[in-house]
Amino acid sequence: MKTYLRLLFISALIWNVNDAFAQQYSRASNQTITYDALIHQYQKLSNRYQTCDLITFGETDSGRSLHLFLINGDSAFYPEALQQKTIILIQNGIHAGEPCGIDASLEWAKSTIENNKIPENVVIGIIPVYNVGGMLNRGCCSRANQNGPETHGFRGNARNLDLNRDYIKNDSKNATSFTRLFHWLKPHIFIDTHTSNGADYEYTMTLLSPRKERLDAHLSQFLVGKLEPYIYDNFKPLTPYVNVFGTTPNNGIHAFNDLPRFSTGYVSLFNCIGFTTEAHMWKPYDDRVEATKKFIDLIATFSNANSKEIIQNKRTSDTELPMPFEAVNLKLDTTRFDMIPFKSYKAEYRYSEILGRKQLYYDRNAPEEISIKYYNYFDKVDEIQIPKYYVVSAAWGDVIDRLKRNQIQMMLLEQDSVMDGVGMFIKSYKSKRTPYEGHFLHSHVEVTDSVIQMTFKKGDYIIPTGQAGWRYLINVLEPKSEDSFFAWNFYDEIVQQKEWYSAYVFEPYAQQMLEEDPLLQMEYDQMMAKDKRFSESGDYRLYWLYKKSPYYEPSHNRLPILKIL
């Protein structure tokens, strides 16, 4: 009994201490809440009100759980009930040194619940902090360009991964848990809260919208025709995310290509409209939190008024079958732009003794309203023919695991089979010379498609493209995609040749090949005439013939994926 009472006393003490922490870390005094106090506050709300619930979705790399806080005026928290309404998912602290959204979401949730102002047609999901390990790694000085809060978290997670590069490769436990959470909740609108780190200007808030070219047509039209105009009409002042085209914003800005490795690019693949808020790093912390909170409220208000249309758009998009051809990459069109108003500071240059040259600075005492170029047009590039099915080898378990996590529908092959289809051969690529988020990322991938036969084993997978996740599917399986599994090194084994030859053994056979095959001899002669390397290197000629021989392994540079058109 004494032990039980002692535990109750300790629990009460921890509860009261966390309450004190929550009160101590006030944004008005340039402070942000601690992790323990944050979760404690959400637990208090969950325990006190039936209209909210705090649940967990697996672990993070820190060993702590990933939490989801749900708000629903109907007090129902099972998927079938939640999905009768427009679902907004707010993710905070992916870069834990940018805590504006952490504090803003908590304040918005408390005010909304306690004052009974929950939108009747909307469910709000809040990830209190995504990068738990980064939030626990608290310090004063990791954000050199940021005006507070005085102590804050760190950009990298417990494994020093930038989680906003991890949605496709899914290396972290955080990303694995998020994937499960995302597909359980199936949000219509997603908000990822950040703090900027770049040019200086007058705006407290800038906005990164999803690439309309990556969205389904219904969602793209809704975004451009209705949602974005509402946001810019009702949130003032606001400007697009300041991605500087030249040296300063005065020379123009360009829209951000949110590849699927990023949060908003990833959710777009599953017919979810995703925004990234970027509060200006040098504005007072109190103002940044207030601006983030204002954006959350604006999206909740809009979604409540337009809930039926938002729900129907996603349902239509989820059932839309892919077109025969689709591009897997986007490229900024540098010839097209719009002129937009911009509240800038005058850019000046002064001599730096450290740099030994003039250095840019912004004169905050000289605000100026100007008109700048906004490059907001992308071309779809690297078009592929979408097959009816992909056949994927189960030997690459890391690939299969990620497809399953993303609820891709797959059928098991029940027996060993030889199949006709289109094989994909890696012709060339470039790789980073130093690791990027734990990978030597490939780019500029060139692919040769060939009609071939491939043998698959019982237990391999046939994957139809006629499903809601088809955009995800082509982005990860087509090697030309900038965020394909090949680009992220999941298939590196195939580009290393496993067998070879001894020249003294193979050369007589190569000579025999030429003598017995007139067409091969003709091709050989043409290569001698037009290819300098071929004509000057006997070793190169012998390897060329080896690749024409039956001894050359057919799996070299061939992805273990077959496309059935």
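The structure reproduced in this document is the subject of the present report.

Reading guide: rules and limits
- Residues numbered from 1 in each chain as written.
- Predicted model: local features only at pLDDT ≥ 70, side-chain atom pairs only at ≥ 80, totals over all residues.
- Heavy atoms only, no water.
- Helix = DSSP H or I, 4+ residues; strand = E, 2+ residues; numbered from the N terminus.
- Buried < 20%, exposed > 50% of the residue type's maximum accessible area, 1.4 Å probe, protein only.
- Contact = heavy atoms within 4.5 Å.
- Lys, Arg positive; Asp, Glu negative; His and termini not counted.
- Charge placed at Lys NZ, Arg CZ, Asp CG, Glu CD.
- 1 Å grid on protein atoms, 1.4 Å probe; cavity = no way out; pocket = protein on both sides within 12 Å on 5 of 7 lines; lining within 4 Å.
- Points joined across faces, edges and corners; volume = space filled by probe spheres on them.
- Nonpolar A, V, L, I, M, F, W, Y, C, P; charged D, E, K, R; others polar.
- Expected span 1.5 Å × (residues − 1).
- Arc of directions from axis to C-beta.
- Axes fitted to C-alpha atoms, helices over the stretch in contact; angles between N-to-C directions.
- Parallel < 35°, antiparallel > 145°, perpendicular 65-115°, else oblique.
- Pairing = 2+ DSSP bridges.
- Salt bridge = Lys/Arg side-chain N within 4 Å of Asp/Glu carboxyl O.

## Brief notes about the overall build of the protein chain
Piece 1. Check the secondary structure of the protein chain and you find 16 helices and 19 strands.
Piece 2. Over its C-alpha atoms, taken along the principal directions, the protein chain stretches across nearly 90 × 70 × 50 Å.
Piece 3. Residues counted as buried form 53% of the 565 residues belonging to the protein chain.
Piece 4. Pairs at least 24 residues apart make up 78% of the contacts formed inside the protein chain by residues separated by at least 6 positions.
Piece 5. Within the protein chain, one finds 62 positive and 68 negative side-chain charges whose respective centroids are separated by 4 Å.

## Digging into the layout of surface pockets
Piece 1. For the largest pocket, the calculated volume is near 640 Å³.
Piece 2. Taken together, 29 residues line the largest pocket, and the ones lying closest to its centre are Y232, T239, P240, I340 and Y374.
Piece 3. Among the secondary structure elements, those contributing two or more residues to the lining of the largest pocket are β6 (205-208), α7 (217-234), β7 (239-240), β11 (338-352) and β12 (357-375).
Piece 4. The greatest single-element share of the lining of the largest pocket, amounting to five residues, is contributed by β11.
Piece 5. When the residues that make up the lining of the largest pocket are grouped by side-chain class, the tally is 19 nonpolar, three polar and seven charged.
Piece 6. There is about 530 Å³ of room inside the second largest pocket.

## Concerning helix α10 (residues 307-319)
Piece 1. The terminal C-alpha atoms of α10, which comprises 13 residues, lie 19 Å apart, in line with the 18 Å expected from a rise of 1.5 Å per residue.
Piece 2. Regarding α10, the residues found buried are S307, I310, I311, N313, K314 and S317. With its buried residues spanning 160° around the axis, α10 presents them on a single face. Among the exposed residues of α10, those oriented more than 90 degrees off its buried face are K308 and T319.
Piece 3. If you follow the buried residues of α10, they end up packed against β3 (86-91), β5 (189-195), α7 and α9 (285-305).

## Topic: the packing of α7 against α10
Two quantities define a packed helix pair, namely the angle between the axes and the distance from one axis to the other.
Piece 1. α10 packs onto α7 with a crossing angle of 150° between their chain directions and a minimal axis gap of 9 Å. On the basis of the axis angle, α7 is roughly antiparallel to α10. Touching H218, L219, F222 and K226 of α7 are E309, I310, N313, K314, T316 and S317, all from α10.

## Brief notes about the sheet that holds strand β9 (residues 273-279)
Piece 1. Spatial ordering of the open sheet is given by β1-β2-β4-β3-β5-β9-β6-β7, a layout of eight strands whose pairing is mixed. The open sheet has two edge strands with one neighbour each: β1 (52-59) and β7.

## Some words on the pattern of salt bridges
Piece 1. Taken as a whole, this structure holds 28 salt bridges when the rule is applied.
Piece 2. Linking K226 and E309 is a salt bridge whose minimum nitrogen-to-oxygen distance equals 2.8 Å. With K226 in helix α7 and E309 in helix α10, the pair connects residues that are 83 residues apart, well separated along the chain.
Piece 3. Assessed through its relative accessible area of 34%, K226 is described here as partly exposed.
Piece 4. On the basis of relative accessible area, E309 is assigned to the partly exposed category, the value being 34%.
Piece 5. Connected through salt bridges with shared partners, the residues E98, R143, R155, D162 and R165 form a single ionic network.

## Regarding empty space enclosed by the protein
Piece 1. Applying the stated criterion across every chain, the model contains one cavity of 30 Å³ or more.
Piece 2. Estimates place the volume of the largest cavity at around 50 Å³.
Piece 3. H188, I189, L219, F222, N271, I273, I310, N313 and K314 together form the lining of the largest cavity.
Piece 4. Among the elements of the structure, α7 and α10 are those that each provide at least two residues to the lining of the largest cavity.
Piece 5. Here the element with the most residues in the lining of the largest cavity is α10; it accounts for three residues.
Piece 6. A class-by-class count of the residues in the lining of the largest cavity yields five nonpolar, three polar and one charged.

## Quick notes on the sheet that holds strand β8 (residues 253-254)
Piece 1. What the three strands build is an open sheet, ordered β8-β12-β11; its pairing is mixed. Two strands lie at the open edges of the sheet, namely β8 and β11, each paired on one side alone.

## Considerations on the side chain of T32
Piece 1. Of note, T32 is situated in the loop between α1 (2-24) and α2 (35-48).
Piece 2. Residue contacts for T32: discarding those within four places in its chain leaves Y25, P99, D103, R138, P149, T151, H152 and Y285.

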